[in-house]
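Fold and geometry: a report
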Amino acid sequence: MNDIAPIKDQAARDAAARAADYEHGWSSDIEQEYGPKGLSEDTVRYISAKKDEPEWMLDWRLKAYRHWLTMPTPDWAKLNIPPIDYQAAYYWAAPKTKPKLGSLDEVDPEILRVYAKLGIPLEEQKVLAGVEGARKIAVDAVFDSVSVATTFRKELEAAGVIFRSISEAIREYPDQVRKWLGKVVPMADNYFSALNCAVFSDGTFVYIPEGVRCPMELSTYFRINAENTGQFERTLIVADKGSYVSYLEGCTAPMRDENQLHAAVVELVAMDDAEIKYSTVQNWYPGDAEGKGGIYNFVTKRALCQGKRSKVSWTQVETGSAITWKYPSCVLNGEDSVGEFYSVAVTNNHQQADTGTKMIHNARGTRSTIISKGISAGHSNNTYRGLVRIGAAAEGSRNFTQCDSLLLGADCGAHTVPYIEVRNPSAQIEHEATTSKISDDQMFYAQARGLGMEEAVALIVNGFAKEVLQQLPMEFAVEAQKLLGISLEGSVG
Amino acid sequence: MLQIHNLSAAVADKPILNDLTLTINAGEIHAIMGPNGAGKSTLGYVLGGRPGYEVTGGSVAFNGQDLLALAPHERAAAGLFLGFQYPVEIPGVSFVQFLRESLNAQRRARGEEPLSGGAFLKLAREQAALLRLDMEMLKRPVNVGFSGGEKKRAEMVQMGILDPRLAILDETDSGLDIDALRICGEGINAIMRKPDKAVLLITHYQRLLDYVKPDFVHVLAGGKIIRSGGADLALELEEHGYEPAL
Ligand SMILES: Nc1ncnc2c1ncn2[C@@H]1O[C@H](COP(=O)(O)OP(=O)(O)OP(=O)(O)O)[C@@H](O)[C@H]1O
Ligand SMILES: [Mg+2]
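Residues numbered from 1 in each chain as written. Chains lettered and ligands numbered in written order. Predicted model: local features only at pLDDT ≥ 70, side-chain atom pairs only at ≥ 80, totals over all residues. Heavy atoms only, no water.

1. Concerning the overall build of chain A
Of regular secondary structure, chain A possesses 13 helices and 24 strands. Every one of the 493 residues in chain A was classed for burial, and the buried ones make up 61%. Sequence-distant contacts in chain A: of pairs separated by 6 or more residues, those separated by 24 or more amount to 84%. If you sum the accessible surface of chain A, you get close to 18,000 Å²; carbon and sulfur atoms cover 47% of it. (Helix = DSSP H or I, 4+ residues; strand = E, 2+ residues; numbered from the N terminus. Buried < 20%, exposed > 50% of the residue type's maximum accessible area, 1.4 Å probe, protein only. Contact = heavy atoms within 4.5 Å. Areas by Shrake-Rupley, 256 points an atom, 1.4 Å probe, with all protein chains shown as cover.)

2. Overview of the site of ligand 1
All names here are of chain B. Near ligand 1 you find 16 residues, and of these G37, K40, S41, T42 and H204 are the closest. Between G37 and ligand 1, the recorded distance is 2.9 Å, taken from a backbone N or O atom to an oxygen atom. Residue E171 places a side-chain N or O atom 3.3 Å away from an oxygen atom belonging to ligand 1. Coverage of ligand 1 by the protein chains reaches 65% of its 640 Å² of free accessible surface. Secondary structure elements with two or more residues in the shell around ligand 1: β2 (14-24) and α1 (40-48). Of the residues forming the shell around ligand 1, the biggest block, three residues, is contributed by α1. A breakdown of the residues in the shell around ligand 1 according to their chemical character gives six nonpolar, seven polar and three charged. (Near = heavy atom within 4 Å. Polar contact = N/O pair within 3.5 Å; in protein donor to acceptor, adjacent residues only side chain to side chain. Nonpolar A, V, L, I, M, F, W, Y, C, P; charged D, E, K, R; others polar.)

3. Some thoughts on the coordination of the magnesium ion (ligand 2)
In ideal tetrahedral geometry, four donors around a metal make angles of 109.5 degrees, whereas ideal octahedral geometry with six donors gives angles of 90 or 180 degrees. Taken together, S41 of chain B (OG) and Q85 of chain B (OE1) make up the full set of protein donors to the magnesium ion (ligand 2), lying 2.0 to 2.3 Å away. Highlighted residues: S41 of chain B in helix α1 and Q85 of chain B in the loop between β6 (80-83) and β7 (90-94), separated in sequence by 44 residues. (Donors = N, O, S within 2.8 Å, 3.2 Å for Na, K, Ca; no water.)

4. Thoughts on the interface of chain A and chain B
Tallying the contact residues gives 18 residues for chain A and 31 residues for chain B. Interface area lost by chain A to chain B is led by F444, Y445 and R449 of chain A, which between them contribute 41%. For the pair chain A and chain B, the number of links is three salt bridges. We note a salt bridge from R449 of chain A to E155 of chain B, for which the minimum N-O separation is 2.8 Å. Inspection of the region where chain A meets chain B yields 10 residue pairs in polar contact (both at pLDDT 80 or more). Elements that contribute at least two residues to the side of chain A that touches chain B include exactly α10 (440-448) and α11 (453-464) of chain A. (Buried area = accessible area lost by both parts, 1.4 Å probe. Salt bridge = Lys/Arg side-chain N within 4 Å of Asp/Glu carboxyl O.)

5. Details of the state of the cysteines
Residues and elements named next belong to chain A. For the structure on display, the rule yields zero disulfides over all chains. Its sulfur unpaired, C403 is 15 Å from the next cysteine sulfur, which belongs to C330. A residue is classified by how much of its surface remains accessible, and C403, at 1% relative accessible area, is buried. C412 takes part in no disulfide bond, and the closest cysteine sulfur to it belongs to C403, at a distance of 17 Å. (Disulfide = S-S within 2.5 Å.)

6. Overview of the pattern of salt bridges
This model, assessed by the stated rule, comprises 29 salt bridges over all chains. With its nearest N and O atoms 4.0 Å apart, the salt bridge here joins E112 of chain B to R107 of chain B. R207 of chain B is paired through a salt bridge with D173 of chain B; the nearest N and O atoms lie 3.5 Å apart. In this pair, R207 of chain B sits in helix α7 (residues 206-211) while D173 of chain B sits in the loop between β9 (166-170) and α6 (178-192), placing the two residues 34 residues apart along the sequence. Exposure remark for R207 of chain B: the relative accessible area of 31% places this residue in the partly exposed category. Overlapping salt bridges, with partners in common, bring together E41, R45 and R66 of chain A in one network.

7. A closer look at the packing of aromatic side chains
Under the definition given, this model contains 17 aromatic pairs over all chains. With a centroid separation of 5.9 Å and an interplanar angle of 80°, the aromatic rings of F444 of chain A and Y45 of chain B are classed as edge-to-face. Here F444 of chain A is found in helix α10, whereas its partner Y45 of chain B is found in helix α1 on a different chain. A single burial state applies to F444 of chain A and to Y45 of chain B, both of which are buried. When the ring of F444 of chain A is compared with that of F84 of chain B, the centres are 5.8 Å apart and the planes differ by 55°; the resulting orientation is tilted. Of this pair, F444 of chain A sits in helix α10 while F84 of chain B sits in the loop between β6 and β7, which puts the two residues in different chains. (Phe/Tyr/Trp six-rings, centres within 6.5 Å; stacked < 30°, edge-to-face > 60°.)

8. Topic: the nonpolar core
Ranked by size, the top nonpolar core spans 114 residues in total, and within it L43, F98 and L201 of chain B carry the most contacts. L201 of chain B has contacts with I29, H30, A31, I32, L169, I188, L208, L209 and V212 of chain B, leaving out every residue within four places of it along the chain. (Core = buried A, V, L, I, M, F, W, Y, C linked by side-chain atoms within 4.5 Å.)

9. Looking at the packing of helix α2 (residues 41-50) of chain A against helix α3 (residues 55-70) of chain A
In a packed pair of helices, the relevant descriptors are the angle between the two axes and the axis-to-axis distance. Residues and elements named next belong to chain A. Axis separation between α2 and α3 bottoms out at 10 Å; the angle between their running directions is 155°. The angle between α2 and α3 places the two elements in the roughly antiparallel class. Along this stretch, α2 crosses α3, giving a crossing that reads as right-handed. Where α2 abuts α3, its residues E41, V44, R45, I47 and S48 lie against L58, R61, L62, Y65 and R66. (Axes fitted to C-alpha atoms, helices over the stretch in contact; angles between N-to-C directions. Parallel < 35°, antiparallel > 145°, perpendicular 65-115°, else oblique. Left-handed = near helix turned anticlockwise from the far one by under 90°.)

10. Points about α3 of chain A
Taking 1.5 Å as the rise per residue, α3 of chain A with 16 residues should run 22 Å; its terminal C-alpha atoms sit 23 Å apart, in good agreement. Within the span of α3 of chain A, buried status applies to W56, M57, L58, W60, R61, L62, A64, Y65 and W68 of chain A. (Expected span 1.5 Å × (residues − 1).)

11. What about the packing of helix α3 (residues 95-109) of chain B against helix α4 (residues 117-130) of chain B?
All names here are of chain B. Running from amino to carboxyl end, α3 crosses α4 at an angle of 110°, the nearest separation of the two axes being 11 Å. The angle between α3 and α4 falls in the class roughly perpendicular. Seen along the crossing, α3 lies across α4 with a hand that is right-handed. Residues V96, L99, R100 and L103 of α3 lie in contact with α4, whose contacting residues are G117, F120, L121 and L123. For the contact of α3 with α4, the residue count by class is six nonpolar, one polar and one charged.

12. Comments concerning the sheet that holds strand β12 (residues 224-229) of chain B
Residue and element names in this part refer to chain B. Strands sit in the order β6-β9-β10-β3-β11-β12 across an open sheet of six strands; the sheet is mixed. Looking at the sheet topology across the chains shown, the edges are occupied by β6 and β12. On average, each strand axis in the sheet is tilted by 20° relative to the strand beside it, whichever way the strands run. The pairing of strand β3 (residues 29-33) with strand β10 (residues 198-202) spans four bridges and is classified as parallel. (Pairing = 2+ DSSP bridges.)

13. Digging into unusual backbone geometry
Of note in this structure, N349 of chain A is not a glycine but carries a positive phi near 50°. Its place among the elements puts N349 of chain A in the loop between β17 (338-347) and β18 (352-355). By relative accessible area, N349 of chain A is classed as partly exposed at 29%. Even without glycine at this site, D19 of chain B takes up a positive phi of about 50°. Taking relative accessible area as the criterion, D19 of chain B reaches 45% and is therefore assigned partly exposed.

The values are spatial; any link to function lies outside them.
In structure tokens, the structure reads:
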């Protein structure tokens, strides 16, 4: 049923069981081609040239780069971010034998092997041979910087859906891309979004035409493979009037000693009556038990609910990364539009997560729901930071926020930082927050029934996160449940 | 099946059990009665391996194994079941999921094949029917929103599903209505009254013993067994209270 679950791979599972080491902590021997080291206008030009980009794209990148130079590095209260040496990283890494797109036979077998180890169903027959009634998933795999294969393209094309790597889309659908690129998350929005604009390597573009229900779930697996390469994806999804799409983003990265920067930008646009469901399971390398290594995950995700009655749902399960800084947001511009944010964030050992959402109500009758479940263990810190802003025009708008924190052990921290701004008195806002611990009673009860300590923790934590997990498509929910258990291994006892 | 020899235990440095000795053979049903605070639940917890219940002396053999050397979940896999006086709520986790994972964890520990989803549901349905508990209730989160009596009935369903060799049932009868008392009593007999099984019933009243006839009745007071007898002892206690025994 669940071909995409990385932990299904027996070898990987055994490795995880052995030492609670990071499960995907291996790197493969694919030849890499690197761009120039360090960040400069030349780096930006190199990337743009490598990708055969049109002039307007290069200009856009350079403008972003020049702006980025003027910006101060962000300083977040709850996050302790060691300085990043931008000149020590590579901004371009591509498999040297660049395979032809679209045909799986021509993809480097080593790459396929890597994905097989992750359990990604790149081979179409694998998915098709799934359990009866299993939904089909189209996978656009990003191997470091270049998208190497796209599946199910034909079926999607028949439905009029465009599902392309963003580099291809810039060449093939320049008008559609240009119309929205940087419109949801402006170039100068923040330090990392500006950096992304300048050096983004690849990503995904999706367009769902008017009235179309996307015939399958779309999925992109990101995987950071090369040493010292920051990864800067760019995702743009446009759902035209009355359309629907569910998009899954899964991420794993192999173990590396040096920290790696990940600064993606995701932009979503929903027109009248359109709905976008965006699900993320993030299990990048969190660093070792002493806090050495791990991914810096500084992602800007924002949705524009532009149309009337449009709806965007963000669901995220964040278990990885050394530092996570991420606020998937909804700008509710359309009347009666709906924004939802469902989040589970797990931190263990020395991980730091500062995550939440922004719900910006700009039109009448807009509604938003925020359900955040933070789980902290070890010496980690887990912060929910959320903004609910009701604009003057947002007559009769409503928000419901629930933030629950679960603590495992005495050395971890959970913080809830809600910001509420209301400029229209007819708005209704509800905020609930709880902090709890797994009780000794619950632990003993589960153990007395036969569950080991870690099985008991995994079960109780999954129960705590259930409201969020049940928002995930089934294939992801199973994977996410197992991930919660794995990421908390060694946190009790 | 169970040999408790001179068992002493403390909670938060406070001695609760004192040189307690008790032997339970396969095929027997024992009842333990005794005043509030005597240490009855403590005995159950110590046998179950609850952290914080420190064994300060003595030994416990369970089917020849050193019970006290096992972790709580290993004791469960070895066939020990604890029916809780106050069953615990686990929000967001259904009874079905909880019990299936528990049973399969036990089976794996014993080197048996895990039960498939279908086979487990069939088993759960049978056991729920035996205790006349609506199967729908097992789809709800563990004990959340269950009435006191429903929780106790669900404990017995759990026992039926896990099929232990020794069940320690701590005040299973408290909170049960008249019909539920009979149903649970009959359930205990159906599940546990077998030549290779045994039960230790902790109770305050004769009413449960009307349905589950004990072979032995013990009085626990001051952390040890101060009197043992047959089924008649319970009737005698019911009539005269603990005072004469103490
Ligand atoms: N955590 C604790 N700290 C201190 N004393 C405790 C603790 N837990 C139990 N006790 C004490 O241990 C004694 C025995 O308690 P236990 O629950 O075993 O009694 P019981 O015989 O089951 O009583 P009842 O019939 O009321 O259920 C009581 O005096 C109780 O207050
Ligand atoms: Mg008691």
